[in-house]
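Per-entry structural report
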Amino acid sequence: MRPEVHVSEDPTAAAAERLHEARGQVVLTGGSTPRAAYERVAVERPDWAATSIWFSDERCVPPDHEHSNFGMVREALFDHIEGAEVHRMQGELGPEEGAAAYERELREAFGEGEPQLDFILLGLGPDVHTCSLFPGDDALGERERWAVGVETPGMAPLVSRITLTLAVVNSARSVVFLVTGEDKAEAVERAFTGPPDQGAPGSLVEPTSGTLVLICDEAAAARL
Ligand code: 6PG
C-alpha cells in the first residue's frame, strides 16, 4: 500500500508533532529511531491525560534491561509526562505467556470486536520487519490473535519477542512509520512500492479503513 510520504529534513520533529496530537489509544514502538521524537514530545507535551499508551512489540527481557523497549520509552518519555495510562508488554514473562497476558489486557480494553487503536507509530528494519514481525515468520499469518510470541527474531537483539499482530495494526485509524538513514532505503522501497510480500513484513501493513503515513529523511526515501 502506498503511504502518504513526508520527506523531512527533521523527521524527529515531524514525528514528535504527530505524537503531540495523538489521543485515545496510542501505540508506541521501540528500536532506536523514535527515541529522539519521544524525548522531544516529552518536553512539548507534558500532559497525556485521556491517552492510553500501548506497545507494538517488546523484547523478552525485564523492563530495566538495556534492550527493553519499555525501558527506552520510560527514560525518553514516561519519566517526564503525566496522565498517560501505560500498558507495557511484560517481556520478563517470556514470549508465550507475555503475549497471552497482553492479549487479555487488549481484550479487556477493547472487548471482542476489533481493537480500534487511534494511532500507531512503527519503525522498519533493514530486513523490512516491523513490530517484531520478521520475514517469513508464522506470526505474519495470524488473523485471530492480537498479540503473539516470536521465539526467534530475524535480527539483533536475538532475544524472543512479543508483538502485536497485523490484525491489530491493520485495524488502526492511523499508522505512521518513522524511518531514517540510507541503510533503510531498500527496505522502504520494498515496504512501500511493491505488492504485499511475506518476505517484506512492512508491505503487509495496510490499514483497512485507516490512514498510512511514512515520515522519513531523504536518505531513506532515496529509492521511492
Ligand atoms: C524493536 C522494534 C522494531 C524497530 C525496527 C527499527 O523492538 O526492535 O520495535 O520493530 O522498530 O527494528 O528499529 P531501529 O529504529 O532501531 O532501526
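Residues numbered from 1 in each chain as written. Predicted model: local features only at pLDDT ≥ 70, side-chain atom pairs only at ≥ 80, totals over all residues. Heavy atoms only, no water.

A volume near 370 Å³ is recorded for the largest pocket. Together, 23 residues line the largest pocket, and Gly31, Ser32, Leu124, Gly125 and His129 are the ones closest to its centre. Contributing elements (two or more residues each) for the lining of the largest pocket: β4 (57-59) and β9 (174-179). When its residues are assigned to classes, the lining of the largest pocket shows 9 nonpolar, 10 polar and 4 charged. What the second largest pocket holds in volume is close to 150 Å³. Lining the second largest pocket are Gly31, Ser32, Arg35, Arg59, Glu66, His67, Ser68, Asn69, Gly71, Met72 and Glu75. With 4 residues, the single largest contributor to the lining of the second largest pocket is helix α3 (residues 69-76). (1 Å grid on protein atoms, 1.4 Å probe; cavity = no way out; pocket = protein on both sides within 12 Å on 5 of 7 lines; lining within 4 Å. Points joined across faces, edges and corners; volume = space filled by probe spheres on them. Helix = DSSP H or I, 4+ residues; strand = E, 2+ residues; numbered from the N terminus. Nonpolar A, V, L, I, M, F, W, Y, C, P; charged D, E, K, R; others polar.)

Right, let's talk about the site of the ligand for a bit. The local shell around the ligand holds 15 residues, among which Thr33, Asp57, His129, Cys131 and Lys184 are the closest. In this structure, threonine 29 approaches the ligand through a side-chain N or O atom, which is 3.3 Å from an oxygen atom. Interatomic distance of 2.4 Å between a side-chain N/O atom of threonine 33 and an oxygen atom of the ligand. In the complex, 88% of the free accessible area of the ligand, which totals 420 Å², lies under the protein chains. Under a 2 Å grid-point criterion requiring more than half of the atoms, the pocket assigned to the ligand is the largest pocket. (Near = heavy atom within 4 Å. Polar contact = N/O pair within 3.5 Å; in protein donor to acceptor, adjacent residues only side chain to side chain. Areas by Shrake-Rupley, 256 points an atom, 1.4 Å probe, with all protein chains shown as cover. Sits in = over half its atoms within 2 Å of the grid points.)

This brings us to the sheet that holds β4. The 3 strands lie next to each other as β4-β8-β7, forming an open sheet whose pairing is antiparallel. For this open sheet the edge positions go to β4 and β7 (147-150), each flanked by a neighbour on one side alone. Adjacent strand axes in the sheet meet at a mean angle of 15° when their direction is disregarded. With 3 bridges joining them, β4 and strand β8 (residues 161-164) adopt antiparallel strand pairing. Across the sheet, the residue bridging to aspartate 57 is threonine 163, located in β8. Helix-sheet contacts for helix α4 (residues 95-110) involve β7 and β8, and the interaxial angle to β7 is about 170°. (Pairing = 2+ DSSP bridges. Axes fitted to C-alpha atoms, helices over the stretch in contact; angles between N-to-C directions. Contact = heavy atoms within 4.5 Å.)

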